[in-house]
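Here is what each chain is made of, one letter per residue.
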Amino acid sequence: MPYGEGLFRYSSFGKKRGDASVIDVAVQSAFPVAPNLQVGGMLGFRSVSPDQGDGNSGITDLTVSGRYQVLPGATAISVGSQLTLPIGSEDIGQSNFDFHFFGSLRHNLPSGLVITGTFGLEFDE
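The structure contained in this document is the topic of the report that follows. All values derive from a computational prediction rather than experimental measurement. (Residues numbered from 1 in each chain as written. Predicted model: local features only at pLDDT ≥ 70, side-chain atom pairs only at ≥ 80, totals over all residues. Heavy atoms only, no water.)

1. Describing the pattern of salt bridges
The criterion, for reference: Between Lys or Arg on one side and Asp or Glu on the other, a salt bridge is scored when a side-chain nitrogen of the former is within 4 Å of a carboxyl oxygen of the latter. Secondary structure elements are taken from DSSP: a helix is a run of H or I of four residues or more, a strand is a run of E of two residues or more, and numbering for both begins at the N terminus. Under the scheme applied here, a residue whose accessible area is under 20% of the maximum for its type counts as buried, over 50% as exposed, and between as partly exposed, the area being computed with a 1.4 Å probe on protein chains only.
Enumeration over the complete set of coordinates arrives at two salt bridges. Arg-9 is the salt-bridge partner of Asp-24, the closest N and O atoms lying 3.4 Å from each other. Placement of the pair is Asp-24 in strand β2 (residues 20–34) and Arg-9 in strand β1 (residues 3–13), with a sequence separation of 15 residues. The exposure class assigned to Arg-9 is partly exposed, which follows from its relative accessible area of 40%. Across the pair Arg-46 and Asp-24 runs a salt bridge, and its minimum N-O distance is 2.6 Å. Of this pair, Arg-46 sits in strand β3 (residues 37–50) while Asp-24 sits in strand β2, and the two are 22 residues apart along the sequence. Looking at Arg-46, the relative accessible area reads 19%, which means it is buried. Its relative accessible area of 5% is what places Asp-24 among the buried residues. One network of salt bridges, with partners in common, ties together Arg-9, Asp-24 and Arg-46.

Below, the structure written as structure tokens:
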């Protein structure tokens with residue numbers, strides 16, 4: 001099924017040097033393009049406010065992802081990749097090309113509880 005969602009995140013960093021707060025506002029969505037294959041993306045806006053000095057804001061890098069469900073059923077297994085296209089503002093630490101691989105497992109228990117696990121390998125610029 002296609003999905004879309006919004007994101008609002010507030011983060012605060014540091015106790016000494018480098019103290020800052022960050023606000024992220026983003027949207028993401030994904031769509032099925034073939035049986036068991038989903039393609040998605042995410043784009044956002046970030047505002048960085050350091051305790052000392054001037055703050056900056058701008059768009060984040062565009063994230064593009066793909067996920068393939070290798071094994072459907074009660075224990076579903078998926079693999080995928082994600083890359084960021086360096087279109088974001090350098091002033092907020094963006095404008096980097098990053099690449100990630102991941103795999104995930106999801107198992108539905110009869111009680112309704114769901115067990116999930118994810119592993120990944122990230123290559124960050």
